[in-house]
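# Analysis of the macromolecular model
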Amino acid sequence: MKKVMSLVMVLVCFVAMAGCGEMKESDFEPGKLVKEDFALINTETGVKLTLGMTKKEIEKIVGEPISETSFDKEYKGELYITYRDDKAVMFIAYEDIYKTPRGIQPEQSKMSDVSAKYGKGVIDSDFEKEGDPGYNYLLNLKTKEMVTNTVNKEYANKNLPLKDIAMLSFGTDDGETVFSVVVSDGEANFNRE
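First, a word on scope: everything that follows refers to the structure included in this document.

Conventions adopted
- Residues numbered from 1 in each chain as written.
- Predicted model: local features only at pLDDT ≥ 70, side-chain atom pairs only at ≥ 80, totals over all residues.
- Heavy atoms only, no water.
- Buried < 20%, exposed > 50% of the residue type's maximum accessible area, 1.4 Å probe, protein only.
- Helix = DSSP H or I, 4+ residues; strand = E, 2+ residues; numbered from the N terminus.
- Pairing = 2+ DSSP bridges.
- Contact = heavy atoms within 4.5 Å.
- Polar contact = N/O pair within 3.5 Å; in protein donor to acceptor, adjacent residues only side chain to side chain.

## Focus: the pairing of strand 10 (residues 165-172)
Burial analysis of strand 10 places seven of its eight residues in the buried class, which makes it a mostly covered element. Both strand 8 (residues 136-140) and strand 10 contribute to a ladder of five bridges, which runs antiparallel. Looking across to strand 10, one finds that Leu139 is bridged to Ala166. With seven bridges joining them, strand 10 and strand 11 (residues 178-185) adopt antiparallel strand pairing. Paired with Ala166 across the bridge in strand 11 is Asp185. From the end of strand 10 to the start of strand 11, which pair antiparallel, there are five residues, and Gly175 there has a positive phi angle of about 80°.

## Quick look at the environment of Val181
Relative to the helices and strands, Val181 is located in strand 11. Separated by 88 residues in sequence, Val181 and Ala93 have C-alpha atoms that sit 5.3 Å apart. If near-sequence neighbours (up to four positions away) are discounted, Val181 is found in contact with Leu40, Phe91, Ile92, Ala93, Thr100, Ile104, Pro106, Ser169 and Phe170.

## With respect to the side chain of Asp185
Tracing the backbone shows Asp185 in strand 11. Here Arg84 takes part through its side chain, which lies 3.1 Å from a polar atom of the side chain of Asp185. Once you skip the residues sitting within four places of it in the chain, Asp185 turns out to touch Leu51, Arg84, Val89, Ile165 and Ala166.

Here you go:
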């Protein structure tokens, strides 16, 4: 009996550990954001970059910047990173070397892929007109709720807990192909210049 119980305990531990791994693309639900959404994954190495990583941690992975402005640093592969207090608060990727955890890649994915994988986004009225499809996705990290109404800088600063907001944004030039993926915290996104 002890051997059977020991075997059962080993199996329970094995199943529990198997459930603790990284989320796969198929684990995500359209229309529901989770904290794991707010990252970029290098398609060549599989290494994940997440908000809050230090500059030192990131540069150990992606190397030194190839150019710098007062706002951000550019790294190989057209990856731009903004830091606040030495921690990453915004990633902007323009090349297909990076993808979201749901598999959206600049230059490769369509905006219809974004809608299929993320659901309906919100309009940022500072940049988009009402009636245009929104490709912005905001999550309140404390309440785990998505922001579902139109946003802009003024609304965000008055109504959202910016320190608790994470945002994904997908850009397009032609209305069809994703040309950029932005992952940011609320402060970096809404208090932009």
